[in-house]
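Read off the chains here:
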Amino acid sequence: MQKGELTAIVGINGIGKSTLLRTLGNVQPKLSGTISIDTIEINDYKPGQLAAKISVVLTEKIASKNLTSLEVIALGRQPYTNWIGTLTATDKQKITEAISLVQIEELQHKKCYELSDGQLQKVMIARALAQDTSIILLDEPTSHLDLYHKATILKLLKNIAHKTKKTILFTTHEIEVALQLCDKILILDKNTSHFNTPDALIAAKKFDSLFPKDTITFNPESGSFKVV
Amino acid sequence: MHQKKYTLAFILLLVLLVICFCISISFGSVTIPFTDTISAIFGGELQKESWGYIIRNYRIPKAITAILTGGGLALSGLLMQTLFRNPLAGPFVLGISSGASLGAAILIMGASMLSGIFTFGVVNNVTLAIASSTGSFLVLLSVMVVAAKVKDTMALLIIGLMFGSITAAIVSVLSYFTDAEQLQQYIYWSFGSLGNLSWSQLGLLAIIIGTGIFISIFTIKSLNAFLLGENYARSLGVHIKKQRFLIILATGLLAGGITAFAGPIAFIGLAVPHLTRQVFNTTNHKILIPAVLLYGAILMLLCDTIAQLPSSAYVLPINAITSIIGAPVVIWLLIRKKKMVF
């Protein structure tokens, strides 16, 4: 994968999108194979070092909703703070940057239980940004959101990837939106997987076989799926 | 952000603590005028020499015990609630209290059963403290062994409850076969008591609690990360197993040590963290840890004063008072705020 690119992982339910993402993020132990970042094996990193390389946005809800948005985002600085977690001027600046990139200035003093799903998702993205890692992994960042918010979040991610030169990888079921916005797409299929730009994948007819043909067909011109 | 507000709140709490301390030592079964109580603290002249003896060797150690147990239990409750991300968790969910009860039960009731075979040493405060702390640490050790194998913190919570059930069952069986006198002695222990500690025992308790607080301070950063959940904490570079071990160790020292010396004291560990979160409206452990220590100490001093039934010869069981005073407060707070902030 290249720096500064937004990549989507797509595939049917249960194919292992989240498993792949959570394994990459070291959230769960790997089944087999090796994962390397900057040619160093992922398990050879100390927890603190890895935290400065990869940040994650997971599907699970945060445990305490009594935190303010700002506190959640500030926790993203933990890999860099001292033993008791004091925020330095640099930390505060990174937090402000993350907030302005995601444009949630007006939400920062609100408690998490006051936020809507879409707002909370933005806060979690800002938290990942504040962690200042070269790689951000997001597990279904657009589920439970309406079409407008789906597009907003993905455009935001694309913007961040291009602006900050971060590698952003996320799983999604919104293939149609992903086709329009992502730089690269990884299709997980039963036996094989394909990784390329959306146009190249459409040209190679890789989406046609994604779902059973008797139920759903793919229209390459409009980049959309149709129920038969 | 709210630095000034917090500083002011802490100063107020400290003043309140000193006031409660003075009130607590000015009440007891012997009536001593308030002015004499104050002068006794500062080593001044007293109308009667016996008053000075009562205050120095009975009331002050008792009030300090109240401060130590209240603060310690409240802190261990906070640690457990954050570790398990469960508002119902308290210091005793890991079976620490039931372990201590088991130790005490075996000493008091087991000794009588086996007295025909062995002649056990006397059952007194020191042996009771040893037996109950051994009991709580054995249960805690088994929980920690399991914790090293279990990844899911919720499973650990349930395992702790199961350990509690097992020890409670053994205590029931022991009670069934024991005679009334021993049973009464055990029940008296389970009432909890702050007044039985000598200065040297108090010193030991202070060292144990100090160690517990010291370890807790080093877990502040990861405690804050745990608020997001275990997976997020791991992604932030928290060494989950190590931090979990430290948190459980600190809880064990605090709750185990206190139960050993003062018996099982309910409610404080569960309720004080909630009260503190409601009042301070924060979840940052840098604020919460000193705040629960102060709140716990103040609440315990108040309960102790009430248990003394001012100026009467009777002392009510502290374990009952903490629940009677505290539980309604939590219910009232929840009704007022309509939700359990965590």
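Here we summarise the structure given alongside this text. These numbers were taken from a predicted model, which means no experiment stands behind them. (Residues numbered from 1 in each chain as written. Chains lettered and ligands numbered in written order. Predicted model: local features only at pLDDT ≥ 70, side-chain atom pairs only at ≥ 80, totals over all residues. Heavy atoms only, no water.)

When its secondary structure is counted, chain B shows 14 helices and zero strands. Sequence-ordered secondary structure for chain B, helices as α and strands as β, is α-α-α-α-α-α-α-α-α-α-α-α-α-α. Based on the C-alpha atoms only, the size of chain B along its principal axes is roughly 65 × 60 × 35 Å. Within the span of chain B, comprising 342 residues, buried residues form 54% of the whole. Look at the contacts in chain B between residues 6 or more apart in sequence, and 78% of them connect residues 24 or more apart. The averaged location of the 8 negative side-chain charges in chain B is 23 Å from the averaged location of its 20 positive side-chain charges. (Helix = DSSP H or I, 4+ residues; strand = E, 2+ residues; numbered from the N terminus. Buried < 20%, exposed > 50% of the residue type's maximum accessible area, 1.4 Å probe, protein only. Contact = heavy atoms within 4.5 Å. Lys, Arg positive; Asp, Glu negative; His and termini not counted. Charge placed at Lys NZ, Arg CZ, Asp CG, Glu CD.)

Here the focus is the pairing of strand 7 (residues 184–188) of chain A. Residue and element names in this part refer to chain A. Counting buried positions along strand 7 gives five out of five residues, so the element sits mostly inside the fold. Residues K184, L186 and L188 line one face of strand 7 and the alternating positions I185 and I187 line the opposite face, and both faces are buried. One ladder, built from four bridges, connects strand 1 (residues 6–10) with strand 7; its direction is parallel. Each residue of the ladder has a partner; that of V10, found in strand 7, is I187. The pairing of strand 7 with strand 8 (residues 193–196) spans four bridges and is antiparallel. Within the sheet, the bridge partner assigned to L188 lies in strand 8 and is S193. Counted between consecutive antiparallel strands, the loop separating strand 7 from strand 8 contains four residues. (Pairing = 2+ DSSP bridges.)

Take the sheet that holds strand 4 (residues 54–57) of chain A next. Residues and elements named next belong to chain A. Across the sheet, which stays open at both edges, the six strands sit in the order 4-5-6-1-7-8 with mixed pairing between neighbours. In this open sheet, the two edge strands, each paired with only one partner strand, are strand 4 and strand 8. Taking each pair of neighbouring strands and ignoring which way they run, the sheet shows an average axis angle of 15°. As judged from the four bridges shared by strand 5 (residues 135–138) and strand 6 (residues 167–171), these two strands associate in the parallel manner. Each bridged residue has a counterpart across the sheet, and for I135 the counterpart in strand 6 is T167. Each of strand 1, strand 4, strand 5, strand 6 and strand 7 touches helix 1 (residues 17–24); the most contacted strand, strand 6, lies at about 145° to it. (Axes fitted to C-alpha atoms, helices over the stretch in contact; angles between N-to-C directions.)

This paragraph deals with the pairing of strand 1 of chain A. All names here are of chain A. Across the five residues of strand 1, five count as buried, placing the element largely inside the fold. Along strand 1, one buried face is formed by L6, A8 and V10 and the opposite face, lined by T7 and I9, is buried too. Pairing of strand 1 with strand 6, which is carried by four bridges, proceeds in the parallel orientation. If you follow L6 over to strand 6, its bridge partner there is I168.

This part is about the interface of chain A and chain B. Between chain A and chain B, the contact holds 38 residues from the first and 28 residues from the second. Around 2600 Å² of area is buried between chain A and chain B when both sides are counted, 58% of it from carbon and sulfur atoms. By the criterion of area lost to chain B, the three top residues of chain A are A:N66, A:Q78 and A:W83, representing 22% of everything that side buries. For the pair chain A and chain B, the interface holds zero salt bridges. Linking chain A to chain B there are 11 residue pairs in polar contact (both at pLDDT 80 or more). Elements supplying a minimum of two residues to the side of chain A that touches chain B: helix 2 (47–51), strand 4, helix 3 (69–75) and helix 5 (117–130) of chain A. Sort the elements by how many residues they give to the side of chain A that touches chain B and helix 3 of chain A lands first, with four residues. The residue makeup of the side of chain A that touches chain B, split by class, is 19 nonpolar, 12 polar and seven charged. (Buried area = accessible area lost by both parts, 1.4 Å probe. Salt bridge = Lys/Arg side-chain N within 4 Å of Asp/Glu carboxyl O. Polar contact = N/O pair within 3.5 Å; in protein donor to acceptor, adjacent residues only side chain to side chain. Nonpolar A, V, L, I, M, F, W, Y, C, P; charged D, E, K, R; others polar.)

The geometry of a pair of packed helices is captured by two quantities: the angle between their axes and the separation between those axes. All names here are of chain B. Direction vectors running N to C along helix 1 (residues 3–26) and helix 3 (residues 49–84) enclose 140°, while the axes themselves pass 9 Å from each other. Classified by the interaxial angle, the pair formed by helix 1 and helix 3 is oblique. Here helix 1 and helix 3 pass one another in a crossing that is right-handed. Here helix 1 contributes L17, F21, S24, I25 and S26 to the contact with helix 3, which in turn contributes R59, I60, A63, I64 and I67. A per-class count over the contact of helix 1 with helix 3 returns seven nonpolar, two polar and one charged. (Parallel < 35°, antiparallel > 145°, perpendicular 65-115°, else oblique. Left-handed = near helix turned anticlockwise from the far one by under 90°.)

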